[in-house]
Amino acid sequence: MNNSPYPDSPEDAKTEQQLTSMVSNFYQDADQYHNPFFTNMVEDYGFWDGTRQWIETRNGKEVDVKKELEAKGHPALTKNYCFSLINLIQGIQDDSRLTIKTTARSKEDSTVTEAATHALRYVWDINRADRLMSRQFHDGNICGRGWLAIEQQDDERDIFGTKTTIGIVDPAEIMYDRRSTKYDLSDSDYLLRIKIISRSEARIMWPDRDYELNQYYSMLDSRLASARLADSRLTHLQKDVMILECWYRVREQLTFLLDSSTGQIHNASGFKLDQIRALKQINPNVQVVRRTVKSMRFIRTCGAINSVLLDAGPSPYDDNYFPYIPYFAYRGRDLDFGVIKNIKDPQREINKRDSQAVRALNTGVKTRVITSDATLADQLEDGRDIAVVQKGADFHIIPPPQLSTAHTSLAQANKEDLKRISGLPDDLRGFKEAAGDSGVVLDIRRQQGLQNITTLFDNLQWTAELCGKVILSRIRQFATPQQLARILGPEKGTPEIISALKQKDVEDYDMAIEQSPSSPTLRAENIAKIERLLAIMPGIIPPDIVVEAIDPPGKEQILSRMKNAAEAAAATPMPGAGNAPLPPPLGR
């Protein structure tokens, strides 16, 4: 056992000082890795809403170039193409909502699987998870990451009950192990969430740590006293405090004794080595099998450095999942990034070149008239657009200089670069590139445009699958038989099915994520395609397949009644079938 206050590994952290030291190491390690991402995230959101498209860094300080230009009386235009591109991708996602369901690995599991799907969709619907996932998708496409929290919280309707809740989490609150490379973070040793809450709320949530919190607040106030003199924005820290929530995995080696003669397996993880040797001498048929497993634990501290331990212990969840589910738009080798990252430079160029063009038009030389009429001079100084000369006077018109062809070409090239880099052609953005193209050609171009953003939707499906597994795990662990009976109804909520749901491991289910069109246009298009197939091949397509493809309101209830009707029809013999004589043998 390591008695040092600085543990070598999470498995060695046992005492309060070791636990807070471990969390501090996690925080410093993660902060160093994630800090560049958070810096980019602020800029990415600023490009999306247009507030930071003119911000530049000079000598380590941010400078608002737009304010500088406007102070000089120069135009500084913000033509925000990033906003519409993100909203277009969001609209495509909204048109094809995700439907989560479980699929059976064997025919015997079909009834239990249908009940699991029903319970899963109940939790999904009451939390409006479809809207929350759209928000998560939106965050990820802007900055590269979006997060959902799937937690078990107290149920205000039942003083002793809990409920599964799904909520959105700010991307700035989450940091994970920098060595993790897997999408589902299954190889991440830890995950941190930073919450800012009021000091009074912290006292209410952890009343048994009130003395330690007051000491920490006093230390924090002394440090902030001098800092506030330099930066008045730190005043709010007198009322708020940072809560660091750490979820981490520890490795544990389990030892089992296998009796090869009887096939019995005994857990000997708590046995000492000499005890195991003695057992092997008594029974030579005993074999020792060792397995290394991971288990989840959590810690909450007030602050990250010299922090106060608030609570710690095993994870309240039986599974090995973090309670925070990621959506990554693109995972780079160094940093995660979204759609905004690669279109920032073209957006900057568009703003600058269009602003320069307006400035040239405003400050350039205007039309000049050379004439022998002396009375015209005053009119020209007044800046009038129309100059009147006396009849018979000699005059010559000098037109204003035009914008250079190179400037115009570069401005147009920047707009084309923005379109090509984003991967969204004019057809997807609602613009028609050329007249006379057939509908087939237009459809092909739209499909090619969608292929450019396929990764985004593939990753979103991966996120939905992970959400489904976590929700099923919460249902199995926390939902009471009474709650399941109420959710499933009398038909599916039988004691046998409920017992199977409570015992069946989540890994025994396969997640099927389907996309169903939600817009009236796409829905009508699907119905038209089905009608054409039915006209060509009448009676070939089963009715349940037709209902699945059309996706009408109340689809699940329709499919359930169709299944019940088919089973009843199969169980009912045809009239007279029981008394009908057998046909005569052949050849007689």
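Residues numbered from 1 in each chain as written. Predicted model: local features only at pLDDT ≥ 70, side-chain atom pairs only at ≥ 80, totals over all residues. Heavy atoms only, no water.

J.: Help me out: how do you make sense of the overall build of the chain in this one?
T.: Summing up its helical and strand segments, the chain has 18 helices and 17 strands in all. Relative to all contacts within the chain whose residues are 6 or more apart in sequence, the contacts with residues 24 or more apart total 70%. (Helix = DSSP H or I, 4+ residues; strand = E, 2+ residues; numbered from the N terminus. Contact = heavy atoms within 4.5 Å.)

J.: Which parts of the structure should I look at to understand unusual backbone geometry?
T.: Trans is the prevailing form of peptide bonds, just as negative phi is the prevailing case for residues other than glycine. With a phi close to 55°, N59 is a non-glycine residue in the positive phi region. You can call N59 exposed: its relative accessible area is 83%. (Buried < 20%, exposed > 50% of the residue type's maximum accessible area, 1.4 Å probe, protein only.)

J.: What is the right way to read the pattern of salt bridges from this model?
T.: Should the charged atoms of two oppositely charged side chains come close, the side chains can pair. For the coordinates displayed, the defined rule picks out 27 salt bridges. Among the salt bridges present, the one from K344 reaches E43, with a minimum N-O distance of 2.6 Å. Separated by 301 residues along the polypeptide, K344 in helix α9 (residues 344-363) and E43 in helix α1 (residues 16-49) bring together distant segments of the chain. Residue K344 is classed as buried on the basis of its relative accessible area, which comes to 8%. A salt bridge links R58 to E56; the shortest N-O distance between them is 3.8 Å. R58 gets classed as partly exposed once you look at its relative accessible area, which sits at 35%. (Salt bridge = Lys/Arg side-chain N within 4 Å of Asp/Glu carboxyl O.)

J.: Sorry if this is basic, but what is going on with the environment of P36 here?
T.: Relative to the assigned elements, P36 resides in helix α1. When its relative accessible area of 36% is taken as the criterion, P36 is described as partly exposed. Sequence separation between P36 and D334 is 298 residues, and the spatial gap between their C-alpha atoms is 9.6 Å.

J.: For this particular structure, what's the right way to read helix α14 (residues 481-492)?
T.: Since the α-helix packs 3.6 residues into each turn, any two residues three or four apart lie on the same face. Between its first and last C-alpha atoms α14 spans 12 Å; for twelve residues at 1.5 Å apiece the expected length is 16 Å, and the helix comes up short by more than 12%. For α14, the full list of buried residues reads Q483, L484, I487, L488 and G489. One side of α14 holds all its buried residues, which, seen down the axis, span an arc of 135°. Facing away from the buried surface of α14 by more than 90 degrees, the exposed residues are Q482, R486 and P490. Summarising the contacts, the buried residues of α14 are in contact with α4 (110-126), β5 (162-169), α13 (454-478) and α15 (495-503). (Expected span 1.5 Å × (residues − 1). Arc of directions from axis to C-beta.)

J.: Can you help me understand a nonpolar patch on the surface in this one?
T.: Together, F271, L279 and I282 make up an exposed nonpolar region whose accessible area comes to about 300 Å². Tracing the backbone shows F271 in the loop between β9 (265-267) and α8 (273-282). According to the relative accessible area criterion, F271 is partly exposed, its value standing at 41%. (Patch = residues over 30% accessible without salt bridge, like charges linked within 9 Å, V, L, I, M, F, W, Y side chains within 5 Å. Areas by Shrake-Rupley, 256 points an atom, 1.4 Å probe, with all protein chains shown as cover.)

J.: Explanation requested: the packing of helix α3 (residues 81-95) against helix α5 (residues 129-143) in the structure shown.
T.: Any two packed helices are characterised by the angle at which their axes cross and by the distance between the axes. The interhelical angle for the contact between α3 and α5, taken along N-to-C directions, is 145°, at an axis separation of 10 Å. Taken as a pair, α3 and α5 cross one another with a handedness that is right-handed. Counted together, I86, N87, I89, Q90, Q93 and D94 of α3 and S134, R135, F137, H138, N141 and I142 of α5 form the full contact between these two elements. Of the residues contributing to the contact of α3 with α5, the split by class is four nonpolar, six polar and two charged. (Axes fitted to C-alpha atoms, helices over the stretch in contact; angles between N-to-C directions. Left-handed = near helix turned anticlockwise from the far one by under 90°. Nonpolar A, V, L, I, M, F, W, Y, C, P; charged D, E, K, R; others polar.)

J.: Even after reading the chapter, I still don't get the packing of aromatic side chains, so can you show me in this structure?
T.: The geometry of two aromatic rings is summed up by the distance between their centres and the angle between their planes. Inspection of the entire model under this criterion finds 15 aromatic pairs. With a centroid separation of 6.1 Å and 80° between ring planes, the pair formed by W147 and F328 is classed as edge-to-face. Of the two residues, W147 sits in strand β4 (residues 145-154) while F328 sits in strand β12 (residues 324-328), which places them 181 residues apart along the sequence. Given a relative accessible area of 0%, W147 falls into the buried group. Note that R331 overlies the ring of F328, its terminal NZ or CZ placed 4.2 Å from the centroid. (Phe/Tyr/Trp six-rings, centres within 6.5 Å; stacked < 30°, edge-to-face > 60°. Lys NZ or Arg CZ within 6 Å of the ring centre and 35° of its normal.)

J.: I tried to follow α1 on my own but got confused; where do I start?
T.: At H34, α1 is deflected by roughly 45°, the largest bend along its length, and proline P36 occurs up to four residues later in sequence. Of the residues trailing α1, G50 is marked for its positive phi of about 85°. (Bend = angle between axes of the 7 residues up to and from the residue.)

J.: Looking at this structure, how should I read the sheet that holds β12?
T.: Sheet strands pair via backbone hydrogen bonds, and the direction of the pair is either parallel or antiparallel. Reading across from one edge, β5-β4-β12 is the order of the three strands in this open sheet, with antiparallel pairing throughout. At either margin of the open sheet sits one strand with a lone partner, and together these are β5 and β12. Sheet twist, expressed as the mean angle between neighbouring strand axes with direction ignored, is 20°. (Pairing = 2+ DSSP bridges.)

J.: Please clarify how the side chain of N459 should be interpreted in this entry.
T.: Tracing the backbone shows N459 in helix α13. Classification of N459 as buried rests on a relative accessible area of 12%. Of note is the side chain of N459, whose polar atom sits 2.9 Å from the backbone oxygen of F328. Each residue touching N459, except ones within four places of it in the same chain, is listed here: Y183, Y327, F328 and A329. (Polar contact = N/O pair within 3.5 Å; in protein donor to acceptor, adjacent residues only side chain to side chain.)

J.: Hey, could you run me through the pairing of strand β7 (residues 190-198) in this one?
T.: Relative to β7, strand β6 (residues 174-176) runs antiparallel, the two being bridged by three bridges. Each residue of the ladder has a partner; that of M175, found in β7, is L192.

J.: Would you mind showing me how to read the packing of α4 against α15 here?
T.: Running from N to C, α4 and α15 cross one another at 75°; their axes reach a closest spacing of 10 Å. Here α4 is positioned roughly perpendicular relative to α15, judged by the angle of their axes. Residues T111, V112, A115 and A116 of α4 touch α15, and the partners they reach there are I497, A500 and L501. Its residues assigned to classes, the contact of α4 with α15 shows six nonpolar, one polar and no charged. (Parallel < 35°, antiparallel > 145°, perpendicular 65-115°, else oblique.)

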